[in-house]
Amino acid sequence: MHDIRALRADPAAFDAALARRGAPAAAAEALRLDDLRVEATRIVQAAQTTRNELSRQIGAAMKAGDTAGAERLKAEVKAAVDAAAAATPDQHEAARDALLAALPNRLDADVPDGADESANAVLHVHGTPPTLPFAAKQHFELGEALGLMDFPTAAKLAGARFTVLKGALARLERALGHWMISLHAEEHGYTEATVPFLVNDATMYGTGQLPKFGEDLFRTTDGRWLIPTAEVPLTNFARGEMLAEAALPIRLTALTPCFRSEAGAAGRDTRGMLRQHQFSKVELVSITTPEDSAAEHERMTRCAERVLTELGLVWRRLLLCAGDTGFGAVKTYDLEVWLPGQQAWREISSCSNCRDFQARRMDARFRPGGGKGTEFVHTLNGSGVAVGRALIAVMETHQNQDGSVTIPEVLRPWMGGLERIGG
């Protein structure tokens, strides 16, 4: 959500910010609706003042026996009340807020221009894509050959874009999730949380999934929504709260299933488990002060990078361009891993700073320790990381010529000491 006062202060800059994202100008319409709200509010307030003043005069006229004068004054009161009823400032405010709620966040100045992922900037590369002495297989080829990745059964149970894992691969996926959330909770200072997987409209609205992205979500028959990421419930911990500055930053993490309709993914990544309707992810959320949010963004991204390094993966950090940055973010770092089977870089984590965009939607504030009044908190979120994609990367990176997969050392304690799957 945008601050109408900031928009009013510089409408041209606001429209220029939208243009960077390829969105049409909206400042004039937002200001028109806000002007209607202001005028309607003035009419309501004026009517109340008129009613108060004339009520006293009506009483005086009645006391003096001036029935005609009292009736004339009553007619004036009724006209003022009718004008107030027709003014509807709440409707104008709702229309203004609906417009603002559909507009993306303003980007940071250092976000590069560009329409799509081709303009993203590579900031750092960790490791060198390996040249294997054999023809590398993709994860689904490895998994099916091992008899531990079953797509036909998943399709029978649920349809396309689902996977059944068995035996050691199922345990490896579980090990990845448990190891990652333990790392973030025990070493990176995040508080582990167990959260609802079903949430209400207000929770989805708070983080920006509604109203714009409803088609990307799954909704239940009783009006709740399956979470697309634990960012949604975790960030909403702060909704409607007045936090003490001393309590910030609040760092939260959760390992949850995530549910996405993949409405715009027709024909993309149809083989394997790269793009699923259901997958597990370890999410990182930070709630902090405006002064600290940029540093918190860097910290969060380093926490996700450590996961990839510990797993022995080749990865890189990208700064997303204007056209590839998500709706609620001012700046996003993507982490991509090299998949030898695909011979391609694929996203495994996104870490975003939303500044006060979500906080305004949620009315999440803090009271500065040394000052008066309140301020909106800043919110950040990142994948720490997507479990299914981590499984894919581990399988393809640590595959062997005989089709077996070597288990990274950090996961072996979670695998009962097992060093290899298959072979």
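Attention here is on the structure that accompanies the text. Throughout this description, residue numbers start from 1 for each chain and increase along the sequence as written. Reporting in this predicted model follows two pLDDT cut-offs: at least 70 for local features of residues, and 80 or more for side-chain atom pairs to be given and counted; totals over whole chains, interfaces and linings ignore these cut-offs and use all residues. Side-chain numbers here rest on the full set of heavy atoms in the structure, without hydrogens or water.

With mixed pairing, the three strands of this open sheet are ordered in space as β8-β14-β15. Edge positions in the open sheet fall to β8 (242-244) and β15 (375-376), since each of these has one partner strand only. In this structure, β8 lies alongside strand β14 (residues 365-367), joined through three bridges in parallel fashion. The residue of β14 that forms the bridge with leucine 243 is phenylalanine 366. One requirement defines pairing of two strands: DSSP has to find at least two bridges between them. A run of DSSP states H or I qualifies as a helix once it reaches four residues; a run of E qualifies as a strand once it reaches two. Both are numbered from the N-terminal end.

Our next topic: a negative patch on the surface. Think of a patch as exposed residues, more than 30% relative accessible area, with no salt bridge, where like charges cluster within 9 Å and nonpolar side chains (Val, Leu, Ile, Met, Phe, Trp, Tyr) cluster within 5 Å. In short, Shrake-Rupley with a 1.4 Å probe defines the accessible areas, and a residue's cover is counted only from the protein chains shown. Any Lys or Arg side-chain nitrogen found within 4 Å of a carboxyl oxygen on Asp or Glu counts as a salt bridge. Asp and Glu count as negative and Lys and Arg as positive, but His and the ends of the chain are not part of the count. Every charge is mapped to an atom, namely NZ of Lys, CZ of Arg, CG of Asp or CD of Glu. Together, Glu245, Glu291, Asp292 and Glu375 line one region of the surface with negative charge. Topologically, aspartate 292 is positioned in the loop between β10 (278-288) and α11 (293-310).

All right, on to the packing of aromatic side chains then. Centres within 6.5 Å make a pair out of two Phe, Tyr or Trp rings, where for Trp the six-membered ring is used; the pair is then stacked when the planes are under 30 degrees apart, edge-to-face when over 60, and tilted otherwise. In this structure the tally under the stated criterion is three aromatic pairs. Seen in terms of ring centroids, phenylalanine 213 and phenylalanine 327 are 5.3 Å apart; in terms of plane orientation they differ by 80 degrees. Their pairing is edge-to-face. Residue phenylalanine 213 is located in the loop between α9 (201-206) and β6 (218-219), and its partner phenylalanine 327 is located in the loop between β11 (315-319) and β12 (331-339); the two are separated by 114 residues in the primary sequence. Connected via pairs of aromatic rings, a cluster forms that spans Phe213, Phe327 and Phe357. Charges are assigned to positions over rings by a cutoff of 6 Å between ring centre and Lys NZ or Arg CZ, combined with an angular limit of 35 degrees from the ring normal. Over the aromatic face of tyrosine 333 sits the side chain of arginine 317, whose NZ or CZ is 4.5 Å from the ring centroid.

A word on the pattern of salt bridges. Applying the stated criterion across every chain, the model contains 28 salt bridges. Here arginine 8 makes a salt bridge to aspartate 34, at a shortest N to O gap of 2.9 Å. Separated by 26 residues along the polypeptide, arginine 8 in helix α1 (residues 4-9) and aspartate 34 in helix α3 (residues 27-63) bring together distant segments of the chain. Taking the shortest distance from any N to any O, the salt bridge between aspartate 110 and lysine 331 comes out at 2.7 Å. Of this pair, aspartate 110 sits in the loop between α5 (89-101) and β1 (121-126) while lysine 331 is found in strand β12, placing the two residues 221 residues apart along the sequence. Residue class for aspartate 110 comes out partly exposed when judged on its relative accessible area of 42%. In this structure lysine 331 comes out as buried when scored by relative accessible area, which is 12%. What you see here is one network of salt bridges that share partners, running through Arg8, Asp34, Asp35, Arg37, Glu93, Arg96 and Asp97. Note on classification: 1.4 Å probe, protein chains only; a residue is buried when its accessible area is under 20% of the maximum for its type, exposed when over 50%, partly exposed between these limits.

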